Amino acid sequence: MKRVWPIPGVLAAVLIVAFLLLRAPDTDAAAMRAKYGGPPSQFVTLSDGPTVHYRDEGPRDAPVLVLLHGSNADLHTWQPWVDRLKGRYRLIRFDQRGHGLTGAAAGGYDADAFARDVLHLADALKLDRFVLAGNSMGGANAARFAMLHPERLAGLVLIDAGGAPVKREGGGNLAFTVLRLPVIGPLASKVMQRTLVERSLRQSVANQAIVTPAAIDRYWELARYPGNRQATRERFALPWTGFTAAQVEKIAVPTLVMWGEEDSLIPLAAAGWWRARLPDVRLVSYPGIGHLPMEEAPDRSAADLARFVAALPLSPGPRSQSVVKPVASETGLLQPRRLTIRDEGSQP
């Protein structure tokens, strides 16, 4: 008698076989450290926190900038800025918990946990006051740190930052969308093909020249660093809560908001939301640029950052004080609040 397979059983069998064939294993931790953690990389175990992969470059007595990457990125996203600015500033960047060579961490993945790591790293490196810059998720984490520890900051830089309660219409990132789906998300994270990573990165940027084979490999390999996929699932499972106007209005730190006008992940309207609520804010936007201005337009964005930092009274290094005199801006970048973004209809 011929055996008849029920349709659900066939589908289940097909899915299981496909999963086994396509499953992407974790990368080897030692191999990843050798590839992405060579000099000038260092590692430090934070108090009540993870062992963090970081890089600390530039003159020890220069103004200090701490840089926070975005979701599923790593410290290498800041390389274009480091190349242009390390002769003038001390630049500290690190893989945040659940990312890069830092990997998974106890204590969860909410904004307070990320902010706590910034504080502990600053303490470990004996930083008094510094400028904190963050992109995307890193921008939200930087804003949260500014709310909790404003006394440690001379300035805040939000680059296409998360945290604004502004709804995006269309666009988005394929990998982020898939990984957030119930049932499918955990399976997709186990499969995670390189083509998915490439497509997601291309969706995030307008300047496609930065989507190189090396960049795709780095995102794909470090996303599969042991513990990072589970960390991503835990992070994406958290309920999304944007900041309130009342929270942002209390950030008593000079702030530079930088935005790619073609950002398909976090729309330009979010820049207007930040600008309307931050007490001391400058805003610059970049036509033809997407979610990663520091990579897509490194010359322009690094120059704008330098003009902002030059106007700040800040501590140039550990346990010392000096004041950098403001410089004039030809573009009007340093005019607080009155600088407008080009897409006027996107402002709240």
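Residues numbered from 1 in each chain as written. Predicted model: local features only at pLDDT ≥ 70, side-chain atom pairs only at ≥ 80, totals over all residues. Heavy atoms only, no water.

**A short note on the overall build of the chain**
On a plain count of helices and strands, the chain comes out with 14 helices and 8 strands. Out of the 348 residues belonging to the chain, those deemed buried represent 54%. Taking contacts inside the chain between residues at least 6 apart in sequence as the whole, the part at least 24 apart equals 76%. For the chain, the accessible area works out to roughly 15400 Å², and carbon and sulfur atoms hold 59% of it. (Helix = DSSP H or I, 4+ residues; strand = E, 2+ residues; numbered from the N terminus. Buried < 20%, exposed > 50% of the residue type's maximum accessible area, 1.4 Å probe, protein only. Contact = heavy atoms within 4.5 Å. Areas by Shrake-Rupley, 256 points an atom, 1.4 Å probe, with all protein chains shown as cover.)

**Examining the pairing of strand β4 (residues 90-94)**
The buried fraction of β4 is high, at 5 of 5 residues. Side chains Arg90, Ile92 and Phe94 of β4 all project onto a buried face; the interleaved residues Leu91 and Arg93 project onto the opposite face, where all are buried too. By the bridge criterion, 4 bridges tie strand β2 (residues 51-57) to β4 in an arrangement that is antiparallel. What sits directly across from Asp56, in β4, is Ile92. Bridge count for strand β3 (residues 64-68) against β4 is 5 bridges, and the pairing is parallel. If you follow Leu68 over to β4, its bridge partner there is Phe94. Tracing the backbone out of β3, into helix α3 (residues 79-85) and back to the parallel element β4 gives a crossover that is right-handed. (Pairing = 2+ DSSP bridges. Right-handed = clockwise from strand over helix to strand, strands pointing away.)

**Some points on the packing of helix α8 (residues 194-204) against helix α9 (residues 213-223)**
Direction vectors running N to C along α8 and α9 enclose 115 degrees, while the axes themselves pass 9 Å from each other. One way to sum up the angle between α8 and α9 is to call them roughly perpendicular. Here the hand of the crossing between α8 and α9 comes out right-handed. Of α9, the residues touching α8 (which contributes Arg194, Val197, Glu198 and Leu201) are Pro213, Ala215, Ile216, Asp217, Tyr219 and Trp220. A class-by-class count of the residues in the contact of α8 with α9 yields 7 nonpolar, no polar and 3 charged. (Axes fitted to C-alpha atoms, helices over the stretch in contact; angles between N-to-C directions. Parallel < 35°, antiparallel > 145°, perpendicular 65-115°, else oblique. Left-handed = near helix turned anticlockwise from the far one by under 90°. Nonpolar A, V, L, I, M, F, W, Y, C, P; charged D, E, K, R; others polar.)

**Describing the sheet that holds strand β7 (residues 255-260)**
Taken in spatial order, the 8 strands make up an open sheet running β1-β2-β4-β3-β5-β6-β7-β8, and their pairing is mixed. This sheet does not close on itself; its edge strands, each paired only once, are β1 (41-45) and β8 (281-286). Neighbour-to-neighbour, the strand axes of the sheet open up by a mean angle of 20 degrees, direction not taken into account. Examined bridge by bridge, β7 and β8 share 6 bridges and lie parallel to one another. When the sheet's bridge partners are listed, Trp259 is paired in β8 with Ser285. Packing of helix α5 (residues 137-148) onto the sheet brings it into contact with β3, β5 (130-135) and β6 (153-159), and relative to β5 it is tilted by some 145 degrees.

**Looking at the nonpolar core**
Within soluble globular proteins, side chains that are nonpolar tend to cluster in buried spots. Counting 45 residues, the largest nonpolar core has Phe130, Leu132, Trp259 and Trp274 as its most contacted members. Residue contributions to this core peak at 6 residues, all from α5. If sequence neighbours within four positions are ignored, Leu132 has contacts with Val66, Leu68, Val118, Ala142, Phe145, Leu153, Gly155, Leu156 and Val157. (Core = buried A, V, L, I, M, F, W, Y, C linked by side-chain atoms within 4.5 Å.)

**A few points about the packing of aromatic side chains**
In this structure the tally under the stated criterion is 4 aromatic pairs. Look at Phe130 and Phe145: their rings are 6.0 Å apart centre to centre, the planes differ by 40 degrees, and that puts the pair in the tilted class. With Phe130 in strand β5 and Phe145 in helix α5, this pair connects stretches of sequence that are 15 residues apart. Here Phe130 falls in the buried class, since its relative accessible area comes to 1%. Relative to Trp274, the ring of Trp273 lies with its centre 5.4 Å away and its plane at 85 degrees, an arrangement referred to as edge-to-face. Judged on exposure class, the residue Trp273 and its partner Trp274 are both buried. Site record: aromatic cluster; members linked through ring pairs are Phe243, Trp273 and Trp274. Across from the ring centre of Phe43, 3.9 Å away, lies the NZ or CZ of Arg33, which sits over that ring. Its guanidinium or amino end placed over the ring of Trp220, Arg224 lies 4.0 Å from that ring's centre, counting from NZ or CZ. (Phe/Tyr/Trp six-rings, centres within 6.5 Å; stacked < 30°, edge-to-face > 60°. Lys NZ or Arg CZ within 6 Å of the ring centre and 35° of its normal.)

**So, the pattern of salt bridges**
Inspection of the entire model under this criterion finds 14 salt bridges. A salt bridge links Arg93 to Glu57; the nearest nitrogen and oxygen atoms lie 2.7 Å apart. Remark: Glu57 occurs in strand β2 and Arg93 occurs in strand β4; sequence separation between them is 36 residues. A relative accessible area of 11% places Glu57 in the buried class. Across the pair Arg282 and Asp280 runs a salt bridge, and its minimum N-O distance is 2.2 Å. Judged by relative accessible area, Asp280 falls into the partly exposed class, the value being 27%. Salt bridges here are not isolated pairs; linked through shared partners, they connect Asp56, Arg60 and Arg90. (Salt bridge = Lys/Arg side-chain N within 4 Å of Asp/Glu carboxyl O.)

Worth remembering: the numbers are spatial, not functional.
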